[in-house]
Amino acid sequence: MPVSSMTGFARTDGAAAGHSWSWELRSVNARGLDARLRLPSGFDGLEAKLRAAVSGRFRRGTVSINLTLARDQAATRLVVNKAVLDQVVQLADELGERLDAERPRIDGLLAIRGVLEPADDEEDEENRAVLEAALIASFDEALDRLAVSRGEEGARLGKLTGSHVEEIAALAIAARANAETQPAAIQARLREKLDALLGSEPPLSEEKLAQEVALLAVKGDIREEL
């Protein structure tokens, strides 16, 4: 069975309905599945679909999801801020009365910051539907790439873990074959240490001797660890 990591990264870019965007997905380890979304204002309605898409693809990991959305400049309609323009013209007239200067030209007025600004047009329902459908499709592509990224990381981890398991198995075989781990060798060491305990001065009590013997027996036998 292929090994899949919980760590990965994916990015997709797209454009539709007068907008361009970028999805960035980052995944890290977690006990369960946690999707953390950062969406532009006005696009909170996509959250339920995005969470469903994530849970349909993954079971574990903290997935951070970020959407960067921008409106195309070519599709932006400019309007004149009449309040700012009136103020600029008034100031120009006042200065014209005090100074011998020509009246400002239209192109000069329009070049002043704040005179021209993007119109706050509301998108019609059709364009909005097209945009949201494109965003969801692009997000699904990002999930595909994230799954590939997590799979590639899992393959590296699987290879590394497999090499560790092989090394542990080889060491266990070598330990079992070591003469020092054989029952006869363990018994001889235990007898030697027991003789030392019995000959100690002052002599050990029966209870203390039993405790020491039990401890030596446990330490000397590594079969449980193997």
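Placed above this text is the structure.
First, a word on what this report is: a plain description of the structure on this page.

### So, the nonpolar core
Now for step 1: Counting residues in hydrophobic clusters, the biggest one holds 24 residues, and the most contacted among them are Trp23 and Ile65.
Now for step 2: Of all elements in the fold, only β1 (8–16), β2 (19–28), β3 (33–38), α1 (47–57), β4 (61–71) and α4 (125–177) reach the threshold of two or more residues within this core.
Now for step 3: Of the residues forming this core, the biggest block, eight residues, is contributed by α4.
Now for step 4: Ignoring anything within four residues of it in the chain, the contact list for Ile65 reads Trp23, Glu24, Leu25, Ala35, Arg36, Leu37, Arg38, Val54 and Phe139.

### Focus: the packing of α1 against α4
Now for step 1: Where α1 contacts α4, the axes come no closer than 11 Å and their chain directions differ by 25°. The angle between the axes of α1 and α4 places the two elements in the roughly parallel class. Two packed elements cross with a definite hand, and for α1 against α4 that hand is right-handed. Taking contact as the criterion, the partners of Lys49, Leu50, Ala53, Val54 and Arg57 in α1 are, on α4, Ile136, Phe139, Asp140, Leu143 and Asp144.
Now for step 2: Of the residues assigned to the contact of α1 with α4, the class counts are six nonpolar, no polar and four charged.

### What to know about the side chain of Thr62
Now for step 1: Within the fold, Thr62 resides in strand β4.
Now for step 2: Dropping the residues within four chain positions of it, Thr62 is found in contact with Arg26, Ser27, Val28, Asn29, Ala30, Asp34 and Arg36.

### Thoughts on the pattern of salt bridges
Now for step 1: In this structure the tally under the stated criterion is eight salt bridges.
Now for step 2: Salt-bridge contacts for Arg11 lead to Asp13; the nearest nitrogen and oxygen are separated by 3.2 Å.
Now for step 3: Where salt bridges share partners, they join Arg11, Asp13 and Glu24 into one cluster.

### Regarding the sheet that holds β1
Now for step 1: Taken in spatial order, the four strands line up as β1-β2-β4-β3 in an open sheet, and their pairing is mixed. The outermost strands of the open sheet, each flanked by one partner alone, are β1 and β3. Across the sheet, the mean angle separating the axes of adjacent strands is 15° when strand polarity is ignored.
Now for step 2: With nine bridges connecting them, β1 and β2 associate as antiparallel partners. Counterpart to Phe9 in the pairing with β2 is Arg26.
Now for step 3: Where α1 meets the sheet, its contacts fall on β2, β3 and β4, and the angle it forms with β3 comes to roughly 145°.
Now for step 4: Against the sheet, α4 contacts β1, β2 and β4, and its axis sits at roughly 155° relative to β1.

The rules we used
Residues numbered from 1 in each chain as written. Predicted model: local features only at pLDDT ≥ 70, side-chain atom pairs only at ≥ 80, totals over all residues. Heavy atoms only, no water. Core = buried A, V, L, I, M, F, W, Y, C linked by side-chain atoms within 4.5 Å. Buried < 20%, exposed > 50% of the residue type's maximum accessible area, 1.4 Å probe, protein only. Helix = DSSP H or I, 4+ residues; strand = E, 2+ residues; numbered from the N terminus. Contact = heavy atoms within 4.5 Å. Axes fitted to C-alpha atoms, helices over the stretch in contact; angles between N-to-C directions. Parallel < 35°, antiparallel > 145°, perpendicular 65-115°, else oblique. Left-handed = near helix turned anticlockwise from the far one by under 90°. Nonpolar A, V, L, I, M, F, W, Y, C, P; charged D, E, K, R; others polar. Salt bridge = Lys/Arg side-chain N within 4 Å of Asp/Glu carboxyl O. Pairing = 2+ DSSP bridges.

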